[in-house]
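Topology and contacts: notes
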Amino acid sequence: MDEDGGRASAEDGAGASGAGPALELVGLVKRFGGRAVVDGVDLLVPAGSVTGLVGPNGAGKTTTLSMATGLLRPDAGTARVLGHDVWADPVGAKRLLGVLPDGMRLFDRLSGRELVRTTGELHGLARAVARERAEELLDVLGLTAAGDELVVDYSAGMAKKAALACSLVHAPRLLVLDEPFEAVDPLSGASIRGLLGDFVAGGGTVVLSSHVMELVERLCDRVAVVAGGRVLAAGTLEEVRGGRTLEERFVELAGGGERGTGEGLAWLRRS
Amino acid sequence: MVAALLRLRLALWRGALRRDTWRVVVLVLGGFYGLGMLAAALVGLAALAGAPVEVARAVVVAGGALLVLGWTLVPLLAFGVDPSLDPARFATLPVPPRPLAVGQLLGALLGVPGALTLLLGAGTALAWLRGPAAPALGVLGVVGGVVGVLTAVALGRLVTSAAAGVLGGRRAGEATAVVGVLALTLLGPAFAAAGAAVPAVDLDDLARALDVLAWTPLGLAWAAPADAAAGAWGTALVRLALAVAVLLALVLAWAAVLARRLVSARPPSAAAPAHRRDLLARLPEGPRWAVAARCLRYWRRDPRYVAAAASALVLPVVLAALAGLGTLPAGALWVVGPVAGLLLGASLHNDVALDGPAFWAHLAAGLPGREDRAGRTAALLLWGLPLVVVASVVGAVVAGAPWTAGAADTGDWLGRAAGALGAALGLLLSGAGVSAVVSAVRPYPAQAAGDSPFSSPSGAALPGALAQLVTTGATGLLALPAVALALASALWPWCGALALGAGAGLGALVVREGVRRGGALLDRRGPELLVAVRRDR
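Everything quoted here is computed from the prediction, not taken from an experiment. (Residues numbered from 1 in each chain as written. Chains lettered and ligands numbered in written order. Predicted model: local features only at pLDDT ≥ 70, side-chain atom pairs only at ≥ 80, totals over all residues. Heavy atoms only, no water.)

Quick word on the overall build of chain B
- Assigned secondary structure in chain B consists of 20 helices and zero strands.
- Burial statistics for chain B: of 537 residues in total, 47% are counted as buried.
- Taking as baseline every contact in chain B between residues at least 6 positions apart, the subset at least 24 positions apart corresponds to 81%.
- Roughly 24,300 Å² of accessible area belongs to chain B as shown, and the carbon and sulfur atoms make up 74% of that amount. (Helix = DSSP H or I, 4+ residues; strand = E, 2+ residues; numbered from the N terminus. Buried < 20%, exposed > 50% of the residue type's maximum accessible area, 1.4 Å probe, protein only. Contact = heavy atoms within 4.5 Å. Areas by Shrake-Rupley, 256 points an atom, 1.4 Å probe, with all protein chains shown as cover.)

See below:
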């Protein structure tokens, strides 16, 4: 169902960094205890796009992104990053991939500065390069002053920004961000948006998940609606919205029908 | 200013009592209990007036010193300080630090424990009511007791404020947790040692220790009336003057700490000091050394690692102490190095679980498994190897160096020392190699970094015991040649050199194989390990 939309705009966005999708998910399946949390996800993310993954809680967004980034082994299906199979050629794929997982701890007994530098060196960067990039990233994200504080003492938003810096330090071509704006204040959100804009302008591709529809509408040129472990709709923002707001369309796709009629909970209303 | 603080303290108290009835109950019960204890203590002290001066002196000085120690250590380890007059709360007000310090000092005495302690301190005067100079002695006793109690409170406040200010809230909590674990670890051996030592202690030794104590800040104030009671009024006044000087110095130091905290109400987060980072920057470049540097920082900053390292270090110290007290024969110190090696080598056997979900960073970076293993192992060996070598050598020297005991000849001793060192190296290296594999097989639930070291995660007991058994068993097996040769060197000292060769050579081989195999496991099962450590949270 998303194939057509995916191909159509793959051509729009292909100009940025040559042919081929930046991320290609085919038939991804993950079961936990017999229940399919992700039930055959197909998704094509054209290079140079900013793709938003939206869906209700428990839709399988995080599980999908974990499988796409080599953190969770799928039961079936493949994930390719710029042509490299994440599970057959992990080193080739992970070199091109920057990840910001949701709900995972960081090595939080390091200072922010040490964390970003260490991550760069883990990716095989020379120490001098890792140091230089760490300083620039901390500067752009407004973390320079807190650079020597331990990450464990950071606020949630600061930790998110430190994690974002880590995902960027090795200059990936594809950035996969799970809930990047959660707990981030508006000012930091603006600086993150600016950073992502620069990244895409430089030929990078971004995939992000979010609950906030306005944010996805403002930031993304493509959208995939995920619910019940499947992709319900995917394509350019206009295609998916079909002339309405994304929120209306999302509610319609992802389970507006399940909503009660409002007859119940009468005891909640004051008589 | 001081009066205002005291009124504030009383008002806070009243407010708290009015709000919760049960607090009144607790207060009354606690008060009666405390008063009962106080009465018993006072009766005892009055009885001391009939005892010889030396006896009264021993009881009052030792008890007083314990009181000071208690007021210093108990809040640090267990309860923390009553926060109702927390200096951070005055940060927005123009309060000068010195009146604040004095106000807090006196405010502390307004509580039930403070008031009882003050009465007890003043009550020590009862022990000195003797002879024709009884009234003067009584006055001196009250003054000395009050100064002693004030010193106790001031020292306690200074230590807790300084710890909280220097370490920050989180780190202070972690540091005390580590100290608490160590204290518990040491409790058993300490009692054993004390019990074994009591019959051996000479009363003269005790008296000498008391004399020293009486000149330390812990004992100065308590010992002054004792001097006077013995007729040495000059010494008594000197001691009292010194005690007052110590008290003043403590209050001033405390005011200085408060002044700093008033400026920065939030204790500054502990920044990573620059000079240490430079030391780690001397490590070679490359991913495995990035892992090693990260692990070395964790060995220093993460209470779980600090506690593990400390536990491995405590045992040799305990053994040495027991040998020093004569509870154990000095020959027992031969095993200091090997035991430290065994404990340190096994310390990494659940290392991926200690990372917890943060382990994703290694996975997302596509870090080759052997780089991960090599980095962790290198971080341990970089400080563990020198430490085990030192422990072995020191143990061997104390256990029977030719120039001390004169029992064995130098060649024999060298052989045995080499044997002990070989066994220690063999156990450390084999343990590190085995841990590199075991920790990649199946992590079992570990405490999260922020948890109390006293809490144990559910479901950890059985798999944990199993993993430790496997690790220790495999380590013992692989280090068997070195250990066996080391034992043989007790009879045939020439075996020591062979033990050293076996320990270092085979150990290095085990490390290499462990890193290789553990790395291959990690490459194959990295995502499954991540799932496991996430589920265990």
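Describing the overall build of chain A
- Summing up its helical and strand segments, chain A has ten helices and ten strands in all.
- By residue count, 54% of the 271 residues in chain A fall in the buried class.
- Within the structure as shown, chain A displays about 11,300 Å² of accessible surface, and the carbon and sulfur contribution to it stands at 53%.

Re the pattern of salt bridges
- Under the definition given, this model contains 25 salt bridges over all chains.
- A salt bridge links Glu252 of chain A to Arg244 of chain A, with the shortest nitrogen-to-oxygen separation between them at 2.4 Å.
- You can call Glu252 of chain A partly exposed: its relative accessible area is 43%.
- Of the charged contacts, one joins Asp351 of chain B and Arg376 of chain B as a salt bridge, the two residues approaching to 2.8 Å between their closest N and O atoms. Of this pair, Asp351 of chain B sits in helix H14 (residues 351-355) while Arg376 of chain B sits in helix H16 (residues 369-400); the two residues are 25 residues apart in sequence, bridging distant segments of the chain. The pair formed by Asp351 of chain B and Arg376 of chain B is uniform in burial state, with each residue classed as buried. (Salt bridge = Lys/Arg side-chain N within 4 Å of Asp/Glu carboxyl O.)

Section: a nonpolar patch on the surface
- Together, Val24, Val28, Phe32 and Leu35 of chain B make up an exposed nonpolar region whose accessible area comes to about 360 Å².
- Mapped onto the fold, Val28 of chain B is located in helix H2 (residues 21-48). (Patch = residues over 30% accessible without salt bridge, like charges linked within 9 Å, V, L, I, M, F, W, Y side chains within 5 Å.)

Looking at the pairing of strand E9 (residues 222-227) of chain A
All names here are of chain A.
- With six of six residues buried, E9 is to be regarded as a mostly interior element.
- The two faces of E9 match: Arg222, Ala224 and Val226 on one face and Val223, Val225 and Ala227 on the other face are all buried.
- Note: strand E3 (residues 50-54) against E9, four bridges, orientation parallel. Bridged to Val54 within E9 is Val225.
- Bridging between E9 and strand E10 (residues 230-236) involves six bridges; their strand directions are antiparallel. Its bridge partner lying in E10, Ala224 is registered against Ala234.
- Remark: two residues form the turn of the hairpin made by E9 and E10, two consecutive strands paired antiparallel; Gly228 in that turn has positive phi of roughly 60°. (Pairing = 2+ DSSP bridges.)

Points about the environment of Pro101 of chain A
- By secondary structure assignment, the location of Pro101 of chain A is in the loop between strand E6 (97-100) and helix H4 (112-122).
- Classification of Pro101 of chain A as buried rests on a relative accessible area of 13%.
- Here the alpha-carbon distance between Pro101 of chain A and Glu179 of chain A, two residues 78 residues apart in the chain, equals 8.0 Å.
- If we skip the residues at most four places from it in the chain, Pro101 of chain A touches Leu71 and Asp178 of chain A together with Trp360 of chain B.

A closer look at helix H17 (residues 410-441) of chain B
- Taking 1.5 Å per residue, 32 residues should reach 46 Å; H17 of chain B reaches 46 Å between its end C-alpha atoms and fits that length.
- Taking burial as the measure, the 32 residues of H17 of chain B include 25 buried ones, the bulk of the element. (Expected span 1.5 Å × (residues − 1).)

Considerations on unusual backbone geometry
All names here are of chain A.
- Of note, Leu82 is a non-glycine position whose phi angle comes to about 45°, a positive value.
- Take Leu82: it is sitting in the loop between strand E4 (76-81) and strand E5 (84-85).
- Here Ala183, not a glycine, exhibits a phi torsion of approximately 65°, which is positive.
- With respect to the secondary-structure elements, Ala183 resides in the loop between strand E7 (174-178) and helix H7 (186-201).
- With a relative accessible area of 53%, Ala183 lands in the exposed category.

So, the packing of aromatic side chains
- Under the criterion given, the structure shown has four aromatic pairs over all chains.
- A ring pair is formed by Phe107 of chain A and Tyr298 of chain B, whose centres lie 6.0 Å apart and whose planes are at 90°; its orientation type is edge-to-face. Of the two residues, Phe107 of chain A sits in the loop between E6 and H4 while Tyr298 of chain B sits in helix H11 (residues 287-301), which places them in two different chains. Each member of the pair, Phe107 of chain A as well as Tyr298 of chain B, is classed as buried.
- Geometrically, the ring pair formed by Trp299 of chain B and Tyr305 of chain B is edge-to-face, given 5.0 Å between the ring centres and 70° between the ring planes.
- Each member of the aromatic cluster is reached from another via a ring pair, and the members are Phe107 of chain A together with Tyr298, Trp299, Tyr305 and Trp383 of chain B. (Phe/Tyr/Trp six-rings, centres within 6.5 Å; stacked < 30°, edge-to-face > 60°.)

Here's the deal with the sheet that holds E5 of chain A
Residue and element names in this part refer to chain A.
- The four strands are arranged E2-E1-E4-E5 in an open sheet whose pairing can be described as antiparallel. Here the strands that pair on one side only, and so sit at the sheet edges, are strand E2 (35-46) and E5.
- In this sheet, E2 lies alongside strand E1 (residues 21-32) in antiparallel orientation, the contact comprising nine bridges. If you follow Leu28 over to E2, its bridge partner there is Val41.
- Against the sheet, helix H2 (residues 61-68) touches E1, E2 and E4, its axis set at about 120° to E1. (Axes fitted to C-alpha atoms, helices over the stretch in contact; angles between N-to-C directions.)

Here's the deal with the confidence of the model for chain B
Residues and elements named next belong to chain B.
- Summary statistics for chain B give a mean pLDDT of 79 and a share of 77% for residues scoring 70 or more.
- Of all secondary-structure elements in chain B, the lowest mean pLDDT belongs to helix H10 (residues 274-280), at 57, while helix H15 (residues 360-364) reaches the highest, 90.
- Across residues 265-276 the pLDDT falls below 50, and counting only partners more than four positions away or on other chains, this stretch makes 23 contacts in the model.
- In the model, residues 452-456 has pLDDT below 50 throughout and makes eight contacts with residues more than four positions away in sequence or in other chains. (pLDDT = per-residue confidence, 0-100.)

So, the sheet that holds strand E8 (residues 205-210) of chain A
Residue and element names in this part refer to chain A.
- Here we have six strands laid out as an open sheet, ordered E6-E7-E8-E3-E9-E10, and mixed in their pairing. At either end of the open sheet lies a strand with only one pairing partner, and these are E6 and E10. Looking at each pair of strands side by side, their axes are set apart by 15° on average, direction ignored.
- Across the sheet, H2 touches E3, E6, E7 and E8, and the angle it forms with E7 is around 150°.
- Across the sheet, helix H6 (residues 156-168) lies against E6 and E7, angled at about 165° from E6, the strand it touches most.

Thoughts on the interface of chain A and chain B
- Taken together, the contact between chain A and chain B spans 35 residues of the former and 44 residues of the latter.
- Where chain A abuts chain B, roughly 3,500 Å² becomes buried across the two surfaces, and 57% of that area is made up of carbon and sulfur atoms.
- Ranking the residues of chain A by area buried against chain B places Phe107, Arg109 and Leu122 of chain A at the top, with a combined share of 24%.
- The interface formed by chain A and chain B holds two salt bridges in total.
- The partner of Glu114 of chain A in a salt bridge is Arg297 of chain B, and the shortest N-O contact between them spans 3.1 Å.
- Taken together, the elements giving at least two residues each to the side of chain A that touches chain B come down to helix H3 (90-95), H4 and helix H5 (127-140) of chain A.
- Top contributing element to the side of chain A that touches chain B by residue count: H4 of chain A, with five residues.
- Class assignment of the residues belonging to the side of chain A that touches chain B gives a composition of 15 nonpolar, six polar and 14 charged. (Buried area = accessible area lost by both parts, 1.4 Å probe. Nonpolar A, V, L, I, M, F, W, Y, C, P; charged D, E, K, R; others polar.)

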